[in-house]
Amino acid sequence: MIVIDGLTKHFGPFTAVDRIGFTVEKGEVLGFLGPNGAGKSTTMKMITGFLAPSAGSARVCGHDIVTDTLAAQRTIGYLPEGAPAYGDMTPRGFLRFIARVRRLSGTDAEKAIDRAVEATELGGVLEQPIDTLSKGFRRRVGLAQSILHDPPVLIMDEPTDGLDPNQKFEVRKLIARMSAEKAIVISTHILEEVDAICTRALIIDRGRVVADGTPAALMARSRYHNAVSLTLSGQTTVQMAEKLKALNGIASMEIVPRGAETTFTLFPVSARESDVLLVDAVARLARDENWPVRALYGEPGRLDEVFRSLTRSDTTVTDGKKDAA
Amino acid sequence: MNELLAVFHRELGGYFATPLAFIFIVIFLFTMGAFTFYLGGYYESGQADLAIFFNFHPWLYLFLIPAISMRLWAEERRTGSIELLLSLPVPLWAAVLGKFLAAWVFSGLALALTFPIWLTVNYLGDPDNGVILAGYLGSFLMAGGYLAIGSCLSAVTRNQVIAFVVSVAVCFLFTVSGLPIVIDFFSGWAPQQILNTIASFSFLTHFNAITRGVIDLRDIVYFTTLIGAWLIACGIVVDMKKAG
């Protein structure tokens, strides 16, 4: 439903987005990841027709955003960064304006507004000027606006930014509920969110796609993938570490003391091998030695570590070549 | 058309959602009255017409109209709502025209509320109401001209103060281009043809022609063309900003 091809944006000499390409099908929730300034928002602004691309194309539901702008925009629900709205209006007035622009009228409009208000739990603040609302409510007004016309394509720039954990949970639930019927793109830099709601993640850095895959596949690229983590309480000795290291199939080990506990992270020789055997071996050793075990588990991988290894927009390091996906 | 009306209603409603409309109208009426009766010496003139009243309009508009137009686009850019507006399926012309028409209707409303002056002059004497009507029409057209200029310049910046100051300056040039302050600058070296062209851009020339009660098609065409040209420029500016 969304087909992006070679999308590029220059601002003067600066290239914000550099030949990005991807597609999103119905039922997919694409998580758009990247450090600040990587080009996430710029890409979204181009897909929704707010910025004109310097090169490349974006098609939404078969409509090219440059040559068939209005038709494409009708199929999109868009939550811009920061959820801008007309602050002097009330949420009800604002949603009525959006409904009118979206060519909903009469009972259709009122039904659509009721549905969006219910989904975003705005009922209590409908008559207060948007300027006087808290950040969380303002964000939800933006969400309500974007889903008002039940669009087949949803583009959301940091939909949970500024929400408290409960509200974040609700918004994620809302997105998950809608995901079967829509093609959804969300940008975020909250990595747990990707794991929680996205079926696919795209990491971009300095305007380029550096990784594209399911969250599990991305985590598999982590060096923590299939590592075993063992936390012991009390004093640990050098012998313990040596015994752990002597186990079969262990390439290296990290020891992190935290308060009265110590965590050993054991990296297998081959990350592709199942961690079950290694976990078993560690468990047996701990039982035989009668160690005070607090936690023992195989790691699925750490998304933040993958993220850090792939992106460096916010640092000055430039190595020219990169490990592109 | 539907989108145009949606933008128009939202904008017009926006004036009344805040004290802006109220304050503007009160100040507008107060200064109109004060200028006419005190500075203009309306009673002393002993004339039963509104020539004095209309004479002040260009100069009041010069400051009051940019105060309306400065927010049209600059505020949208500052709050980021322009991103919402331009990503909604609203044609660019509908956004430009809807905003302009809302501001124009609002200024027309403020102008219409000066009707007590018209009542006064009818009570005091027996004026030519046709001439007065022409004056109102001319004033309304001129307000549209100032608004179109201000609308375009508001699209250039996200700073409302800059939008205001630049609009006042450009409106001033358009107002006085027939007066010596501008003409003298060119008269030494430019041919008469160019002087005439510059002078013909003056709001004052066309406005004064209409307020004398002669509704000449050329004056109407002048104002409508000016409004159209500045609105097209406004659309181009908004579109250019899309290209980054």
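Further up the page is the structure itself.
Residues numbered from 1 in each chain as written. Chains lettered and ligands numbered in written order. Predicted model: local features only at pLDDT ≥ 70, side-chain atom pairs only at ≥ 80, totals over all residues. Heavy atoms only, no water.

## Quick word on the pattern of salt bridges
As enumerated under the stated definition, the model contains 22 salt bridges over all chains in all. Residue A:E193 is joined to A:R172 by a salt bridge in which the shortest nitrogen-to-oxygen separation is 2.9 Å. Separated by 21 residues along the polypeptide, A:E193 in helix 7 (residues 191-197) and A:R172 in helix 6 (residues 165-178) bring together distant segments of the chain. The pair formed by A:E193 and A:R172 is uniform in burial state, with each residue classed as buried. Here B:E11 ties to B:R10 by a salt bridge, and the two come within 3.2 Å at their closest N and O atoms. There is no split in this pair, since B:E11 and B:R10 are both buried. Among the ionic contacts, a cluster of salt bridges with common partners joins B:R10, B:E11, B:E76 and B:K99. (Salt bridge = Lys/Arg side-chain N within 4 Å of Asp/Glu carboxyl O. Helix = DSSP H or I, 4+ residues; strand = E, 2+ residues; numbered from the N terminus. Buried < 20%, exposed > 50% of the residue type's maximum accessible area, 1.4 Å probe, protein only.)

## Digging into the side chain of B:S151
Residues and elements named next belong to chain B. Along the polypeptide, S151 turns up in helix 9 (residues 129-156). A residue is classified by how much of its surface remains accessible, and S151, at 0% relative accessible area, is buried. Other than its neighbours up to four places away in sequence, S151 contacts S69, L72, W73, L231 and C234. (Contact = heavy atoms within 4.5 Å.)

## Things to note about the sheet that holds strand 6 (residues 76-79) of chain A
Residue and element names in this part refer to chain A. Spatially, 6 strands are ordered 6-7-8-3-9-10 in an open sheet, and the strand pairing comes out mixed. Of all strands in the sheet, those bounded by a partner on one side alone are strand 6 and strand 10 (208-213). Here the strands of the sheet are splayed against their neighbours by 15° on average, with no regard to which way each runs. In this structure, strand 3 (residues 29-33) lies alongside strand 9 (residues 200-205), joined through 4 bridges in parallel fashion. Bridging across to strand 9, L30 finds its partner in R200. Sheet strands in contact with helix 5 (residues 135-147) are strand 6 and strand 7 (153-157), and its direction is about 170° off that of strand 6. (Pairing = 2+ DSSP bridges. Axes fitted to C-alpha atoms, helices over the stretch in contact; angles between N-to-C directions.)

## Digging into the packing of helix 1 (residues 2-17) of chain B against helix 5 (residues 71-79) of chain B
The description of two helices packed together rests on the angle between their axes and the distance between the axes. All names here are of chain B. Contact geometry for helix 1 and helix 5: axes closest at 13 Å, N-to-C directions at 90°. With respect to their mutual orientation, helix 1 and helix 5 come out roughly perpendicular. Every residue of helix 5 that contacts helix 1 at R10, E11, G14 and Y15 is listed here: R71, L72 and E76. Its residues assigned to classes, the contact of helix 1 with helix 5 shows 2 nonpolar, 1 polar and 4 charged. (Parallel < 35°, antiparallel > 145°, perpendicular 65-115°, else oblique. Nonpolar A, V, L, I, M, F, W, Y, C, P; charged D, E, K, R; others polar.)

## Here we look at empty space enclosed by the protein
The tally for this structure, following the rule as stated, stands at 1 cavity of 30 Å³ or more. A volume near 30 Å³ is recorded for the largest cavity. In terms of lining residues, the largest cavity is bounded by A:Y86, A:F97, B:V7, B:R10, B:E11, B:E76, B:L85 and B:K99. Element by element, the count of residues in the lining of the largest cavity is highest for helix 1 of chain B, at 3 residues. (1 Å grid on protein atoms, 1.4 Å probe; cavity = no way out; pocket = protein on both sides within 12 Å on 5 of 7 lines; lining within 4 Å. Points joined across faces, edges and corners; volume = space filled by probe spheres on them.)

## So, the interface of chain A and chain B
Each partner contributes to the interface: chain A provides 26 residues, whereas chain B provides 29 residues. Buried area between chain A and chain B, both sides added, is near 2500 Å², and the carbon and sulfur share of it is 61%. Ranking the residues of chain A by area buried against chain B places A:F50, A:Y86 and A:R100 at the top, with a combined share of 29%. Counting across the interface, chain A meets chain B through 2 salt bridges. A:R103 is the partner of B:E3 in a salt bridge, and the nearest nitrogen-oxygen pair spans 3.0 Å. For the interface between chain A and chain B, the tally reads 9 residue pairs in polar contact (both at pLDDT 80 or more). Mapped onto the side of chain A that touches chain B, the elements with two or more residues apiece are strand 1 (2-11), helix 2 (69-74) and helix 3 (91-101) of chain A. Here the side of chain A that touches chain B gets 5 residues from one element, more than from any other, and that element is helix 3 of chain A. Residue classes in the side of chain A that touches chain B are distributed as 15 nonpolar, 4 polar and 7 charged. (Buried area = accessible area lost by both parts, 1.4 Å probe. Polar contact = N/O pair within 3.5 Å; in protein donor to acceptor, adjacent residues only side chain to side chain.)

## Side note on the state of the cysteines
Residue and element names in this part refer to chain B. Within the structure shown, the criterion is met by 0 disulfides over all chains. With no disulfide of its own, C152 lies 5.5 Å from the sulfur of C234, the closest cysteine sulfur. Sulfur of C171: no disulfide; nearest cysteine sulfur belongs to C152 and is 11 Å away. Judged by its relative accessible area of 0%, C171 falls in the buried class. (Disulfide = S-S within 2.5 Å.)

## Some remarks on the nonpolar core
The biggest cluster of nonpolar side chains holds 151 residues, and the ones touching the most others in it are A:F22, A:F94, A:F97, B:Y61, B:W73 and B:F203. Here this core gets 13 residues from one element, more than from any other, and that element is helix 9 of chain B. If we ignore the near neighbours within four places in the chain, the residues touching B:W73 are B:I82, B:L85, B:A95, B:V96, B:K99, B:S151, B:S154, B:A155, B:C234 and B:V238. Judged by nonpolar contacts, the second largest core, of 18 residues, contains A:M240, A:M253, A:L266 and A:L278. (Core = buried A, V, L, I, M, F, W, Y, C linked by side-chain atoms within 4.5 Å.)

## Digging into the sheet that holds strand 13 (residues 261-268) of chain A
Residues and elements named next belong to chain A. One open sheet holds the 4 strands; their spatial order is 12-13-11-14, and the pairing between them is antiparallel. Strands with a single pairing partner mark the edges of an open sheet, and in this sheet they are strand 12 (250-258) and strand 14 (293-298). Sheet twist, expressed as the mean angle between neighbouring strand axes with direction ignored, is 15°.

## Focus on the packing of helix 7 (residues 92-112) of chain B against helix 9 of chain B
Residue and element names in this part refer to chain B. Running from N to C, helix 7 and helix 9 cross one another at 140°; their axes reach a closest spacing of 10 Å. Where helix 7 crosses over helix 9, the two elements pack in a sense that is right-handed. On helix 9, the residues touching F100, A103, W104, S107, G108 and L111 of helix 7 are Y136, S139, F140, L141, A143, G144, L147 and A148. (Left-handed = near helix turned anticlockwise from the far one by under 90°.)

## Examining the side chain of A:K9
With respect to the element layout, A:K9 can be found in strand 1. Buried and unpaired, A:K9 has B:D239 as its nearest opposite-charge partner, separated by 11 Å. Among the polar contacts listed, one links the side chain of A:K9 to the backbone oxygen of B:A243, at a separation of 2.7 Å. What A:K9 contacts, discounting residues up to four positions off in sequence, is A:F14, A:T15, A:A16, A:V17, A:T42, A:M46, A:A52, A:S54, B:K242, B:A243 and B:G244. (Lys, Arg positive; Asp, Glu negative; His and termini not counted.)

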